[in-house]
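The lines below spell out each chain.
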Amino acid sequence: MEKFKTIISSCVPLNIENVDTDQIIPARFLKATNRVGFGDNLFRDWRYESNNQPKKEFMLNNPEFSGKILVSARNFGCGSSREHAVWAIYDYGFKVVVSSFFADIFKNNCLNCGLLPVQVSEEFLQKVFKAIEKDKKTEIKVDLENLTITIAATGKTEKFFVNPYKRECLINGYDDIDYLINLKDKIEAYEQKTTQFS
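Structural notes, computed from the coordinates. (Residues numbered from 1 in each chain as written. Predicted model: local features only at pLDDT ≥ 70, side-chain atom pairs only at ≥ 80, totals over all residues. Heavy atoms only, no water.)

### A look at the overall build of the protein chain
Helix and strand counts for the protein chain come out as 8 helices and 7 strands. C-alpha atoms of the protein chain, sized along the principal axes, occupy 70 × 45 × 25 Å. Carbon and sulfur atoms make up 49% of the accessible area of the protein chain, which amounts to about 10,900 Å² in all. Across the protein chain, the centroid of the 27 positively charged side chains sits 3 Å from that of the 27 negatively charged ones. (Helix = DSSP H or I, 4+ residues; strand = E, 2+ residues; numbered from the N terminus. Areas by Shrake-Rupley, 256 points an atom, 1.4 Å probe, with all protein chains shown as cover. Lys, Arg positive; Asp, Glu negative; His and termini not counted. Charge placed at Lys NZ, Arg CZ, Asp CG, Glu CD.)

### Description of the pattern of salt bridges
It is possible for side chains bearing opposite charge to pair when their charged atoms get close. For the structure shown, the criterion picks out 4 salt bridges. For Glu123, the salt bridge identified is with Lys127, shortest N-O distance 3.9 Å. Here Lys127 and Glu123 lie together in helix H5 (residues 122-134), a separation of 4 residues that amounts to about one turn. (Salt bridge = Lys/Arg side-chain N within 4 Å of Asp/Glu carboxyl O.)

### Quick look at the nonpolar core
Within the largest apolar cluster, 54 residues are counted, with the highest numbers of intra-cluster contacts made by Phe43, Phe76, Phe106, Leu116 and Val142. A per-element tally of this core places H5 first, with 6 residues. (Core = buried A, V, L, I, M, F, W, Y, C linked by side-chain atoms within 4.5 Å. Buried < 20%, exposed > 50% of the residue type's maximum accessible area, 1.4 Å probe, protein only.)

### Notes on helix H4 (residues 104-113)
For H4, the full list of buried residues reads Phe106, Asn109, Cys110, Leu111 and Cys113. Lining the buried residues of H4 we find helix H1 (21-24), helix H3 (84-92), strand E4 (116-119) and helix H6 (164-172). Gly114 sits one or two positions beyond H4 and adopts a positive phi of about 90°. (Contact = heavy atoms within 4.5 Å.)

### Section: H6
Those residues of H6 lying buried are Lys166, Cys169, Leu170 and Ile171. Where H6 begins, one side-chain oxygen reaches toward the backbone nitrogen of Tyr165, 2.8 Å away; that side chain belongs to Asn163. (Polar contact = N/O pair within 3.5 Å; in protein donor to acceptor, adjacent residues only side chain to side chain.)

### Regarding the sheet that holds strand E1 (residues 6-14)
If you walk across this open sheet you meet the 7 strands as E4-E3-E2-E1-E5-E6-E7, and the pairing is mixed. Looking at the sheet topology across the chains shown, the edges are occupied by E4 and strand E7 (157-159). If you compare each strand with its neighbour and ignore which way they point, the axes differ by 25° on average. Here strand E3 (residues 96-99) runs beside E4; their pairing, made up of 4 bridges, is parallel. Considered in E4, the bridge of Val97 is made with Pro117. (Pairing = 2+ DSSP bridges. Axes fitted to C-alpha atoms, helices over the stretch in contact; angles between N-to-C directions.)

### Section: the environment of Ala103
Locating Ala103 in the fold gives a position in the loop between E3 and H4. Assessed through its relative accessible area of 16%, Ala103 is described here as buried. Ala103 sits 94 residues away from Ser9 along the chain, and the two C-alpha atoms are 24 Å apart.

### Thoughts on the pairing of E1
Within E1, 7 of the 9 residues are buried, leaving the element largely enclosed by the surrounding structure. Alignment of E1 against strand E5 (residues 139-143), held across 5 bridges, turns out to be antiparallel. What sits directly across from Ile8, in E5, is Lys141. As paired strands, E1 and strand E2 (residues 69-72) are joined by 4 bridges and run parallel to one another. Opposite Pro13, over in E2, you have Val71 as the bridge partner.

### A few points about the packing of aromatic side chains
The tally for this structure, following the rule as stated, stands at 8 aromatic pairs. Ring geometry for Phe43 and Trp46: centres 5.7 Å apart, planes at 5°, overall stacked. Phe43 gets classed as buried once you look at its relative accessible area, which sits at 0%. The structure contains a cluster of three or more aromatic residues connected by ring pairs, namely Phe43, Trp46 and Phe58. The positively charged end of Arg44 is found above the aromatic ring belonging to Tyr48, 4.3 Å away from the centroid. Here the guanidinium or amino end of Lys95 rests over the ring plane of Tyr90, the centre of that ring lying 4.1 Å away. (Phe/Tyr/Trp six-rings, centres within 6.5 Å; stacked < 30°, edge-to-face > 60°. Lys NZ or Arg CZ within 6 Å of the ring centre and 35° of its normal.)

Here it is as structure tokens:
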């Protein structure tokens, strides 16, 4: 995985509650088992007409919005537990998803795949939406080391929580196997020590 410490980026707003994983990536696109190419079909049924023409009103098709941060309303990632939903968001180019509530399985899938879910208060989320509405290029700073999210234009900031183990993995670019390999010397030293007393 890529290392993640701090990101400063403009945002794409998706002010819709209860976005489920079938809306994020429809089931008919779940044929592949690697993570490449899913971004093409992110929010497929919301982004395109039946004739494959982009829907102009959908945020991802609006050239005024861009960036590596997706900002969504409450209860993002509900529904089935498909990991492909996270793959699609990440493959599209997003590194962070901000919401006031995430479905637990989706949140864990994000952390396992290098996508950072930033859960904020509803009050702070509305401040983010208002800042984007005022300036479509407004930037958000997400600092994983200090666990803070900041609206650059206003300086408004809030703390967020990430499981300490997953935080360390994201900062260092580790998946679970990488993390264990990184501890190889300590594991071997422990084994040698315990073998002496057995």
